[in-house]
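What the coordinates show
Take a look at the letters that make up each chain.
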Amino acid sequence: MTDTAPQNDPTTPNALPKGIRFAGVAGGIKASGKPDVSLIVTDRPAVMAGVYTTNQIVAAPVVLTRSKTPTATGRVVVTNSGNANACTGDEGMQNAKAMCALAAELTGCDAADVMVMSTGVIGQPLPMQKVRAGIESAAGKLGDAEADFLASADAICTTDQFRKTVSQAVSIRGHEYCIAAMCKGAGMIAPNMATMLGVVMTDAPIGPKAAQTSLKEIANQTFNRVSVDGHMSTNDTVMLVCTGMSESENVQELTVEELAVWQEAATQVALKLAKMLVADGEGAARFFEVRVSGAANDDDAFVIAKTVAASPLVKTAITGGDPNWGRIVSAAGYAGPKIEPERTCLVIDGVMVFENGTPLSIDAAKLSSAMKSNSEVLAELKVGDGPGTASFWASDLTEAYVRFNSLYTT
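What comes next concerns the included structure.

The rules behind these values
Residues numbered from 1 in each chain as written. Predicted model: local features only at pLDDT ≥ 70, side-chain atom pairs only at ≥ 80, totals over all residues. Heavy atoms only, no water. Pairing = 2+ DSSP bridges. Helix = DSSP H or I, 4+ residues; strand = E, 2+ residues; numbered from the N terminus. Contact = heavy atoms within 4.5 Å. Axes fitted to C-alpha atoms, helices over the stretch in contact; angles between N-to-C directions. Buried < 20%, exposed > 50% of the residue type's maximum accessible area, 1.4 Å probe, protein only. Polar contact = N/O pair within 3.5 Å; in protein donor to acceptor, adjacent residues only side chain to side chain. Core = buried A, V, L, I, M, F, W, Y, C linked by side-chain atoms within 4.5 Å.

**Focus on the sheet that holds strand β15 (residues 386-395)**
Read from one edge to the other, the open sheet built from 7 strands follows the order β8-β15-β10-β14-β11-β12-β13, with strand pairing classed as mixed. Since the sheet does not close on itself, it has two edges, and those belong to β8 (226-227) and β13 (358-359), each with one partner. Sheet strands in contact with helix α9 (residues 325-334) are β11 (345-348), β12 (351-355), β13 and β14 (376-382), and its direction is about 135° off that of β11.

Here is the structure:
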């Protein structure tokens, strides 16, 4: 691959947007004692937008936060990890509202301006005494230093092996605007409108409508193109927090052209995070990219790429370093969109194995050895002569994943 699977680098500094404070603490929700309550607080009312899971079984925090966005008066994103507060009935909704009310009281804003996210085991009531203690502790530790940002990012994690943060500056109007983002996720990853949990923050001046539209497109190009296990969460949420419009009364919102520049930079930030999700997939041994070309349109290419990447047979072949190209080609055939079998070609890690509907004579042992020696595998699949292209990123499927998830709640 030309763009390697990202690894977390704790030595890389994160440039942070102006007007935001962070905190992350251990409230005792997790038996491990690891951080489990995060606060992100803006100094003044800010634009907030969100994209959410399309699962019909939806956690209370998603229902509540979705009803509040987009908004121009957002102030707080409060997150707990270790408990999803999903499938918890009316009690779950009352607990989500209580988290917002407490965070609002401690930060001096209205509960309507507090967004809430939760992640962890489904179907268990929130231990509210611990949640409250965590929010109170976090409110007393808010700061705008990189250490505070990283502490907040640590507190949203569950089975993650490493924190996932990215920051980047973008120059618009001769001014440097910052984009900083965090996300969590390693299992139950098959997003549709978002990933497990994520927050993208910027000090660029973006209005509510533009923020919502932009975030949806960013998610479609990044978080919606990754998969670990094909299981869509009940809690998927990505928030966009924009403080630029609140800097002063004279700040002008980005024009359409300026927003496009900002969105391209934000998309690159989100893509790095999305690839981190795959690289950190539970039990994952290899990072797998599927690039499809020649489809009738980009939507068809996306469906084909996603279908190939989601196939358990393909994923296990990647695990074993097995160049079993028949699994990839046949997955493309049942994906749904029309393909041209006589023009279908497949290249695995630079080796053409199938050309115009015909298998080629290759050194399978050599290709297998190359696949096994790398942590990344690239499959380039041409399905016809159409203009449609798409990429999708996934982890492989290992025995370690099965062992971990067979014992997750016990």
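**A look at the side chain of Asp-160**
Considering the arrangement of structural elements, one finds Asp-160 in the loop between α4 (146-155) and β5 (164-172). Taking the relative accessible area as the measure of exposure, Asp-160 reaches 11% and is therefore buried. From its side chain, Asp-160 meets the backbone nitrogen of Thr-158 in a polar contact 3.1 Å long. At 2.7 Å, the side chain of Asp-160 and the side chain of Lys-164 are in polar contact.

**A closer look at the nonpolar core**
By size, the foremost hydrophobic cluster in this structure holds 39 residues, and its most contacted members are Ile-179, Ile-206, Leu-240 and Trp-262. Listing elements by their share of this core, those giving two or more residues are β2 (37-52), β5, β6 (175-184), α5 (208-221), β9 (237-242) and α6 (256-279). Looking at this core, the element that brings in the most residues is α6, giving 12 residues. If we ignore the near neighbours within four places in the chain, the residues touching Leu-240 are Val-47, Met-48, Ala-49, Val-200, Ala-211, Leu-215 and Trp-262. The next biggest cluster of nonpolar side chains, apart from the first, holds 30 residues, and it includes Ala-295, Ile-318, Ile-348 and Ala-394.

It is worth stressing that arrangement in space is one thing and function is another; only the former is reported here.
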